[in-house]
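Next come the chains, spelled out residue by residue.
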Amino acid sequence: MQLTQRKIKFLSWSAVFAAVLLLYTLTLAPDLVWQDQGDYQWQVAELNLNRPGDVVRVHPLFIVVSHYLGRAAPWSYAYSANFVSALFSAIAAANVFLLVYLLTRGIWPAVLATAVITFSHTFWFVGVQAQSYSMSNAAFTAGLVLLVAYIRQPRQLWLYLLGLAFGLGISAHMMSQIGFAVIFIWFAVLWLKGKFAFSGLLKIVAGWAVGAFLLWFVMYLEYARSGDFTATVASAIWGKWGDAVFNLGRFYILIAKSALFFVLNFPTPLVLLAVGGIWLSFKRDLPKPIPALLAIMTVLYGVFAVRYDVPNQNHFFMPMYILVAVYIGLGFAFMFSTDNNKAAIAASGLLAAAILPMYPLMGYIARNYEVEFGTRRHIPYRDVYRYYIIPWQHNQTGPRRFAEEVLETVPENAV
């Protein structure tokens, strides 16, 4: 029986999803974790959808899904939150595969792009711990796939699903919305030129509004508390982080940090393929708006993250990192033409695999030269070189040990 293109896409997507989910499950943090991730595990356990004045940090979709999976599955809420992050990171990686395949019709360029983003430090680090960015990445990449699907075959259903994907994205994390804004503005410009129906814009907005339903509920809770509509909207967009959102200071320091983050995420010569991918995307037979839209998103996500002065700044580069991986896939497809170039496939496969030992090597070098990470305090049972440089976290037992020893020092029922 001959497989249809639709079945090939579905089976390929499913295979990539399963492979990435297996990798991330095997390297998943087994229990409690440090930093914001640990805070989200607590919010998941409590099903807390209320952060006064800071709606932007509630991430209700992540909290609700992780909580109810924790109820249904035979494991803790902490593990559930970690697993949900792995699950949606695997969806995002599979979406990258499908996106590159749709744009190039090449299996290997899609596999290469997926491998690069799966092995990239921040994507992997976030994918094995409780973090809402995983859902945001899944929504962002799904939106890109649906955009390409609509451009190739303009069905109205794709528009509604595109809006729905980005609506679910904003219920998980605000970062997906830069991409949505670029896409929506492009459709609005087409409408103004008479090349796109207003009903299409309404379908996108309707899907987005439905997908964002949990955010509307959290905003309702905040408005009921404060009675201030303007403050509620501000709380949902930037919350208590307005200074960081509009930051223009410490620019040179942030650029230097951003460059180091980039190297940490792409410690491979394969990243040079992205240059060819960007350049040749405008020269080859891609749907006309796609090269420009991808380039605009890459620049906007990079500009936002490079001046976003927060402790986890590197996490906000992830949409840009995803697009860099897409460009690597495009670069391979455009520069080496087909899936039959065995030498190029073998060389790029070896280079992708060589990313893995780079993390222990960089950790060894950082430890040997006593590189400072700018952390404000030493935390017992947290090896900063291992924690911050090596993305897999299956051996992370320090948080549980630290919590148990602290609880032993306080009177019973004091916490």
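The structure contained in this document is the topic of the report that follows. Small disclaimer: the values here were computed from a predicted structure and weren't measured. (Residues numbered from 1 in each chain as written. Predicted model: local features only at pLDDT ≥ 70, side-chain atom pairs only at ≥ 80, totals over all residues. Heavy atoms only, no water.)

## Things to note about the packing of aromatic side chains
So, point 1. All told, the structure shown has 33 aromatic pairs when counted by the stated rule.
So, point 2. Here Tyr24 and Trp124 contribute two aromatic rings whose centre-to-centre distance is 6.0 Å and whose plane-to-plane angle is 20 degrees, an arrangement assigned as stacked. Taken together, the residues span a long stretch of sequence, with Tyr24 in helix H1 (residues 5-26) and Trp124 in helix H6 (residues 121-127) at a distance of 100 residues. Trp124 shares its class with Tyr24; the two are buried.
So, point 3. Aromatic pair Tyr150 and Phe187: ring centres 5.7 Å apart, planes at 70 degrees, arrangement edge-to-face. (Phe/Tyr/Trp six-rings, centres within 6.5 Å; stacked < 30°, edge-to-face > 60°. Helix = DSSP H or I, 4+ residues; strand = E, 2+ residues; numbered from the N terminus. Buried < 20%, exposed > 50% of the residue type's maximum accessible area, 1.4 Å probe, protein only.)

## Focus: the nonpolar core
A general feature of soluble globular proteins is that nonpolar side chains tend to end up buried together.
So, point 1. Counting residues in hydrophobic clusters, the biggest one holds 106 residues, and the most contacted among them are Phe187 and Met297.
So, point 2. It is helix H4 (residues 77-104) that contributes the most residues to this core, 15 residues altogether.
So, point 3. Those residues within four positions of Phe187 in sequence are excluded, and the remaining contacts are Leu147, Tyr150, Leu159, Phe196, Leu201 and Ile204.
So, point 4. Grouped together as the second largest cluster of nonpolar side chains are 21 residues, Leu61, Ala81, Met135 and Ala212 included. (Core = buried A, V, L, I, M, F, W, Y, C linked by side-chain atoms within 4.5 Å. Contact = heavy atoms within 4.5 Å.)

## A look at the pattern of salt bridges
So, point 1. For the coordinates displayed, the defined rule picks out eight salt bridges.
So, point 2. Notably, a salt bridge pairs Arg400 with Asp31, separated by 2.5 Å at the nearest N-O pair. Taken as a pair, Arg400 in helix H21 (residues 398-408) and Asp31 in the loop between H1 and helix H2 (35-46) lie far apart in primary sequence, 369 residues in all.
So, point 3. Classification of Arg400 as partly exposed rests on a relative accessible area of 33%.
So, point 4. The salt bridge partner of Arg57 is Asp36, with a shortest N-O separation of 3.7 Å. Placement of Arg57 in the loop between H2 and helix H3 (60-72) and of Asp36 in helix H2 is noted, with a sequence separation of 21 residues between them.
So, point 5. Look at the salt bridges and you will find they share partners, linking Asp36, Asp39, Arg51 and Arg57 into a network. (Salt bridge = Lys/Arg side-chain N within 4 Å of Asp/Glu carboxyl O.)

## Some details on the packing of H1 against helix H5 (residues 107-119)
So, point 1. With their axes 12 Å apart at the nearest point, H1 and H5 run at an angle of 20 degrees to one another. Overall, the two elements H1 and H5 adopt an arrangement that is roughly parallel. Viewed along their axes, H1 and H5 form a crossing whose handedness is right-handed. Within the contact between the two elements, H1 uses Val16, Val20, Leu23 and Tyr24 and H5 uses Thr114, Ile117, Thr118 and Phe119.
So, point 2. Tallied by class, residues from the contact of H1 with H5 come to six nonpolar, two polar and no charged. (Axes fitted to C-alpha atoms, helices over the stretch in contact; angles between N-to-C directions. Parallel < 35°, antiparallel > 145°, perpendicular 65-115°, else oblique. Left-handed = near helix turned anticlockwise from the far one by under 90°. Nonpolar A, V, L, I, M, F, W, Y, C, P; charged D, E, K, R; others polar.)

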